[in-house]
Amino acid sequence: MLTLLSEALQRVGSEIEYHLSLPHISSVVCEPREAVHQQLLKLLSIQSRVFIVLQSSLSMATHLFQEARRMDFMGKDSAWIITDSISSFLDSMDTSVIPYIEGALGIKSYYSNSSSSFLEFSTQFQKNFISENPEEDNSHPGIHALRAYDSIAVITRALERLGSDDTNSPKMLLKNILSSNFSGFSGKIKFDGGNLPNSNSLPFRIVNIVGKVYTELDFWTQDLENPFTREADDKNNGRNTTRTLNGTVIWPGYLKRVPKGWEMPTNAKPLKIGIPSNSPFDMFLKVDEDQIEPEKKYTGFCFDIFREVLRILEQNYSLPYEFHQFMGTYDELVDCVYNKTYDAPYSESGLVMIVQATPEEPHKAWMFLKPFTREVWEVSGALLVYTMFIVWVVEYWSNNPAFRGPRKSQLGTALWFIFSSLFFAHKETIRSNITRVVIVVWLFVALVLTSTYTASLSSMLTVRRLEPDIMDVEWLTATNSVVGCDGDSFVRKYLEDVIKFKGANIKNISNEYQYASEFQSGNISAAFFETPYAKVFMNQFCKNYTATQPLNRFGGLGFAFQKGSPLAADVSEAFLTITENGILKELEDKWFPRSAKCSSTETDELSLGKLKALYLLSFATSTICFLLFFLPC
């Protein structure tokens, strides 16, 4: 059974955290409960509350459960599983002992108890048992009684097959025993290689001890994907497999939901949450020693998130907690979670480089060309020349004297006519209606272009643009530049071990306002922040600094728990809930408002793709009008 149970536990990701061996009952016959008590004291430092009793005598198991219940190891959110070595005695166990095991799940050897022969045997067994043991109140035959009966049946059948003339009777008797093949009360009796098949093979019954009796819940089958089996209508003996037990399990403490299997926080032993006392940004974590009330003493984005998560968790169970300030590095704080000093520190990850930036010079000689891309300028010029050509051809053949004369004069007049229409009314008259259509479309294009150009150029001259002084990390490492970071976080070690900065070139900075002074004094060339801290810094100092994209991502905002803690999954689910319902966004807006001086946006150059439809309209109109002009009337 141990092999089968271990494999089933591994398939669901469970691990054995601690092995506890109880002494043999014969060695502690004087003080068995004290011996069990001393052993259970070793489990007080372990938060897991899922216990599996693999092998034990009935008397030692009785002392175990009595002491476990007294020491509150069988309280709510605990789970106990007993194997066949104990559950096989449930049919004949003293009913005064069973309540100590109440709430446990048992794995019990399977045998058929519905046949007429078994019912007759059970009735006779109970009658005889009560007559010989009138003080006992549990007289049902258990698996051991059934195996004893089947053993006698094997020998009886073997003796019956011995003939009177058989020589060497012991050998013949053994041969007859080993050739037995029948269905007994405990199961199939058939020897294989001189041995009975493993009595601990599947299927088993899954039972739940409730009160002074037990309830049969299901069968545990060989199918590891769907291990539990429902019995269908007896007429067809149909079965269907499933992954869940049939019926409601009553767990220790009369708990009907699935227990956490973990020592949950209580008022006497609340959840201990480690808080770094030297957080570099007060908007995330701030501890005001002058305040007494926790709501005022502990403030910041992280605390508000935790309190919102707590409101969701308290809909299902209570979660008493207390904050503990911690002086040390991030790694040391995580170590305290591992060694169970604390339960849940706050952490954030993702690395961003921030460098100083100088404003782009707005008075460069060719700044007036910046509103449009090169392609826009080229296409606009080509469209102007094309429109000029259409106007000149149409007006020339319409005998317009303004477009007559020498060729140079004609082309000059046409070019002047088209270009001057961008700024003022022209003096030349137009004779052809087709030319008027071309001019109307061109004027519309010219209006859009001039308006867009004016707005874009004005924005470029008034909005400050920043150019980073340093472009990449490789330049910093190659020039041995000094960089700054929060020395208490994992960032320093990451810069040394992964990005290969020299330790002497990394300066520890512990305060958010110290970064600006270090930049201005030239002590550092760049600063490395965890992603949330970088956002806060840029909201405050956007005018003089610029941030790169995250160099590496290490996860996100979260709470760290000990491995195996069910709170990790519950907190993650609650965190998703506050994200989906918009609470997280509201908290971000509350604690990280964007500075008014950072609210302006930069204007990009206008690309050809945004004006393509406008150019096509003008080109198509001019071309169609040109063709219509030369069509015969």
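What counts and what doesn't
- Residues numbered from 1 in each chain as written.
- Predicted model: local features only at pLDDT ≥ 70, side-chain atom pairs only at ≥ 80, totals over all residues.
- Heavy atoms only, no water.
- Helix = DSSP H or I, 4+ residues; strand = E, 2+ residues; numbered from the N terminus.
- Buried < 20%, exposed > 50% of the residue type's maximum accessible area, 1.4 Å probe, protein only.
- Contact = heavy atoms within 4.5 Å.
- Areas by Shrake-Rupley, 256 points an atom, 1.4 Å probe, with all protein chains shown as cover.
- Salt bridge = Lys/Arg side-chain N within 4 Å of Asp/Glu carboxyl O.
- Core = buried A, V, L, I, M, F, W, Y, C linked by side-chain atoms within 4.5 Å.
- Patch = residues over 30% accessible without salt bridge, like charges linked within 9 Å, V, L, I, M, F, W, Y side chains within 5 Å.
- Pairing = 2+ DSSP bridges.
- Axes fitted to C-alpha atoms, helices over the stretch in contact; angles between N-to-C directions.
- Parallel < 35°, antiparallel > 145°, perpendicular 65-115°, else oblique.
- Left-handed = near helix turned anticlockwise from the far one by under 90°.
- Phe/Tyr/Trp six-rings, centres within 6.5 Å; stacked < 30°, edge-to-face > 60°.
- Expected span 1.5 Å × (residues − 1).
- Arc of directions from axis to C-beta.
- Nonpolar A, V, L, I, M, F, W, Y, C, P; charged D, E, K, R; others polar.

Secondary structure assignment for the chain yields 20 helices and 21 strands. Per-residue burial over the chain gives 42% buried out of 633 residues. Counting contacts in the chain only where the partners sit at least 6 residues apart, residues at least 24 apart contribute 70% of the total. Looking at the chain as shown, the accessible area adds up to about 35,100 Å², and 56% of this sits on carbon and sulfur atoms.

Attention now goes to the pattern of salt bridges. Using the criterion set out here, one finds 13 salt bridges in the structure. Asp-570 serves as the salt-bridge partner of Lys-260, at 2.7 Å between the closest nitrogen and oxygen. With Lys-260 in the loop between β9 (239–242) and β10 (271–276) and Asp-570 in helix α18 (residues 567–580), this residue pair connects regions lying 310 residues apart in the sequence. Since its relative accessible area comes to 15%, Asp-570 is described here as buried. The network of salt bridges with common partners includes Arg-33, Glu-67 and Arg-70.

Here we take up unusual backbone geometry. One non-glycine residue with positive phi stands out, namely Asn-480, at about 55°. By the secondary structure assignment, Asn-480 is in the loop between α14 (473–478) and β17 (483–485). Positive phi values are uncommon outside glycine, yet Lys-500 reaches one of about 70°. Along the chain, the position of Lys-500 falls in the loop between α15 (491–497) and β18 (506–508).

Attention now moves to the nonpolar core. Membership of the largest hydrophobic core comes to 47 residues, with the highest contact counts inside it found for Phe-284, Phe-301, Ile-305, Ile-354, Phe-529 and Phe-537. Examining the composition of this core, we find that nine residues originate from one element, helix α9 (residues 301–313), more than from any other. Core analysis: the next-biggest nonpolar cluster, separate from the first, contains 27 residues, Val-53, Leu-64, Ala-68 and Ile-209 among them.

Together, Phe-368, Leu-369 and Trp-377 give the surface a local cluster of nonpolar side chains, amounting to about 250 Å² of exposed area. By the element assignment, Leu-369 lies in the loop between β15 (351–359) and α11 (374–397). Relative accessible area serves as the criterion here: at 32%, Leu-369 is assigned to the partly exposed category.

Bringing the pairing of β10 into the picture now. Taking burial as the measure, the six residues of β10 include five buried ones, the bulk of the element. Direction of pairing for β10 relative to strand β13 (residues 321–326): parallel, over a ladder of six bridges. Within β13, the position partnered with Ile-273 by the bridge is Phe-323.

Right, let's talk about the packing of helix α2 (residues 32–40) against helix α3 (residues 58–70) for a bit. In contact at an axis separation of 9 Å, α2 and α3 are set at 55° when each is read in the N-to-C sense. One element, α2, and the other, α3, form an angle in the oblique class. Note on packing geometry: the crossing formed by α2 with α3 is right-handed. Of α3, the residues touching α2 (which contributes Pro-32, Arg-33, Val-36, His-37 and Leu-40) are Met-60, His-63, Leu-64, Gln-66, Glu-67, Ala-68 and Arg-70.

A separate point is the environment of Lys-76. Within the secondary structure, Lys-76 sits in the loop between α3 and β2 (79–82). Other than its neighbours up to four places away in sequence, Lys-76 contacts Pro-252 and Gly-253.

Enumeration according to the criterion identifies 26 aromatic pairs in this entry. Here Phe-125 and Phe-129 contribute two aromatic rings whose centre-to-centre distance is 6.0 Å and whose plane-to-plane angle is 15°, an arrangement assigned as stacked. Within this pair, Phe-125 and its partner Phe-129 are both found in helix α5 (residues 116–132), separated by four residues, close to a single helical turn. A relative accessible area of 24% means that Phe-125 is categorised as partly exposed. Assessed through its relative accessible area of 21%, Phe-129 is described here as partly exposed. Aromatic pair Tyr-298 and Phe-303: ring centres 5.6 Å apart, planes at 45°, arrangement tilted. Given a relative accessible area of 2%, Phe-303 falls into the buried group. Members of the aromatic cluster, connected to one another through ring pairs, are Tyr-111, Phe-118, Phe-121, Phe-125, Phe-129, Tyr-149 and Phe-185.

Turning our eyes to something else, we now look at helix α20 (residues 612–629). A rise of 1.5 Å per residue sets the reference length of α20, with its 18 residues, at 26 Å; its end C-alpha atoms lie 26 Å apart and thus fit the reference within 8%. By the burial criterion, the buried members of α20 are Leu-614, Tyr-615, Ser-618, Thr-621, Ser-622 and Cys-625. Mapping the buried residues of α20 onto a view down its axis gives an arc of 135°, with all of them on the same face. Of the residues in α20, the exposed ones pointing more than 90 degrees away from the buried face are Ala-613, Leu-616 and Leu-627.

Moving on to α18. In this model, α18 (14 residues) spans 20 Å end to end at C-alpha, consistent with the 20 Å of a helix rising 1.5 Å per residue. Buried within α18 are the following residues: Leu-567, Asp-570, Val-571, Ala-574, Phe-575 and Ile-578. The buried side chains of α18 occupy one side of the element, clustering within an arc of 140° when seen end-on. Opposite the buried face of α18, by more than 90 degrees, sit the exposed residues Ala-569, Glu-573, Leu-576 and Glu-580. Phi turns positive, to about 85°, at Gly-582, one or two residues after α18.

With that settled, consider the packing of α9 against helix α19 (residues 583–591). Packed helix pairs are characterised by how far apart their axes lie and by the angle those axes make with each other. Direction vectors running N to C along α9 and α19 enclose 155°, while the axes themselves pass 10 Å from each other. Judged on the interaxial angle alone, α19 and α9 are roughly antiparallel. As α9 packs across α19, the resulting crossing turns out to be right-handed. Along the contact surface, α9 presents Phe-301, Asp-304, Ile-305 and Glu-308, while α19 presents Ile-583, Leu-584, Leu-587, Glu-588, Lys-590 and Trp-591. Split into classes, the residues belonging to the contact of α9 with α19 amount to six nonpolar, no polar and four charged.

As a further point, take the side chain of Thr-621. For Thr-621, the location among the structural elements is in helix α20. In this structure Thr-621 comes out as buried when scored by relative accessible area, which is 15%. Setting aside residues no more than four positions away along its own chain, Thr-621 makes contact with Val-437 and Val-441.

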